[in-house]
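Now for the letters of each chain:
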Amino acid sequence: MKPSKTDTSQTELFRERLSNQLNPQEPLFILAGQINWSLFEESFGAEFTDGPGQPPKPIRLMLGLMMLQHMNALSDEEVVKQWVQSPYWQYFCGFDYFQWKIPADGSSMTRWRKRIGKEGLEKILAQTIVVALRTETVLSKDLQTVITDTTVMEKNIAFPTDSKLLNRAREHLTTMAAKNGLKLRQTYKRTERTAAINAGKYAHAKQFKRMRKEVKKLKNYLGRVTRDIERKIKGSLRGIA
């Protein structure tokens, strides 16, 4: 079924409208009048089809709850509970009379996000930028540079374990020796690779005694390569002298 709109046209004799009681200078009150809610109702209303079933929640209500949730960093359950306690929140979501019941449950919020999808979230973001520019909350020049915080983003960073560092040091030394024409007795490329793999396996299995033996092999291989290079360098220096 199609979602219904919040009806604020009817007048209740014994109840005062929120719009007549709330402070019109309150930021949330002002923001409610700046957002083009009808644009979202037309756009997201097309996602629903007529048919049997329970009528969906009003689009402005669900949209307002999503915005309030992100403004205040709340969970789905917390935002609907606090909505009942705040007249400004209720007015922001399109209600002009104070409500005493929870408007929706946490599962409704989850289903709503899935229904509008990524494109719907992009439309909401675009509209918030339009409102911010119109109210001069941000300037056009402020949108020319984007700063991305990747603190929680997964990164391809390997932890610098002893086995990896030792193997990397040997690789660099053998590569530099080859570039400079030093012929080493042995590079330990295969044996060190096997030892490094075994050290990682033993560490994962918490067999630390075996792991230390493999790490010791890596140290020995690195020491042999280092001493071999030192001997070759000293010999070449004597030949020059």
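Residues take numbers from 1 onward in each chain, read along the sequence in its written order. Where local features are concerned, this predicted model is filtered to residues with pLDDT of at least 70; where side-chain atom pairs are given and counted, the filter is 80 or more; whole-chain, interface and lining totals use all residues. Excluded from the side-chain calculation are hydrogens and water; included are all heavy atoms of the structure.

Engineer: I'd like a rundown of the side chain of Asp-76, residues and numbers included.
Structural biologist: In DSSP terms, a helix is any run of H or I states spanning at least four residues, a strand is any run of E spanning at least two, and both are numbered starting from the N terminus. Looking at the secondary structure, you find Asp-76 in helix H4 (residues 76–85). Burial here depends on accessible area, computed with a 1.4 Å probe over protein chains only, as a share of the maximum for the residue type. Under 20% is buried, over 50% is exposed, and the range in between is partly exposed. Judged by relative accessible area, Asp-76 falls into the buried class, the value being 11%. Of note is the side chain of Asp-76, whose polar atom sits 3.4 Å from the side chain of Thr-110. Nitrogen and oxygen atoms within 3.5 Å of one another constitute a polar contact, given that in protein one can donate a hydrogen and the other can accept it, and given that sequence-neighbouring residues count only through two side-chain atoms. Of the polar contacts made by the side chain of Asp-76, one reaches the side chain of Arg-113; its length is 2.9 Å.

Engineer: Explain the packing of H4 against helix H6 (residues 106–134) residue by residue, including any values.
Structural biologist: Here H4 crosses H6 at 115 degrees, and the two axes come no closer than 8 Å. Where H4 crosses over H6, the two elements pack in a sense that is right-handed. Across from Asp-76, Glu-77 and Val-79 in H4, the residues of H6 making contact are Gly-106, Met-109, Thr-110 and Arg-113. All axes here are fitted lines through C-alpha atoms, helices being fitted over the stretch that makes contact, and every angle between N-to-C directions spans 0 to 180 degrees. Crossing handedness follows the turn of the near helix against the far one: under a right angle anticlockwise gives a left-handed crossing, and clockwise gives a right-handed one. Here a residue-residue contact requires only that any non-hydrogen atoms of the pair lie within 4.5 Å.

Engineer: Could you give an account of the confidence of the model for the chain, naming the residues involved and the relevant values?
Structural biologist: Chain-level statistics for the chain give a pLDDT mean of 79 and a share of 77% at 70 or above. Mean pLDDT values for the elements of the chain range from 78 in helix H2 (residues 37–45) up to 89 in helix H5 (residues 87–92). Confidence of the predictor in every single residue is expressed as pLDDT, which spans 0 to 100.

Engineer: Report on the nonpolar core, specifying residues and quantitative values.
Structural biologist: Only buried residues count toward a nonpolar core. Its members are Ala, Val, Leu, Ile, Met, Phe, Trp, Tyr and Cys residues joined through side-chain atoms within 4.5 Å. Grouped together as the largest cluster of nonpolar side chains are 29 residues, with contacts concentrated most on Leu-65, Trp-83 and Phe-92. Of all the secondary-structure elements, those providing two or more residues to this core are helix H1 (27–34), H2, helix H3 (59–72), H4, H5 and H6. Considering each element in turn, this core owes the most residues, 8 residues, to H3. If we ignore the near neighbours within four places in the chain, the residues touching Trp-83 are Leu-61, Leu-65, Leu-68, Trp-89, Gln-90, Cys-93, Phe-95, Gln-99, Lys-101 and Pro-103. With 14 residues, the next largest nonpolar core counts Leu-184, Tyr-188, Leu-222 and Val-225 among its residues.

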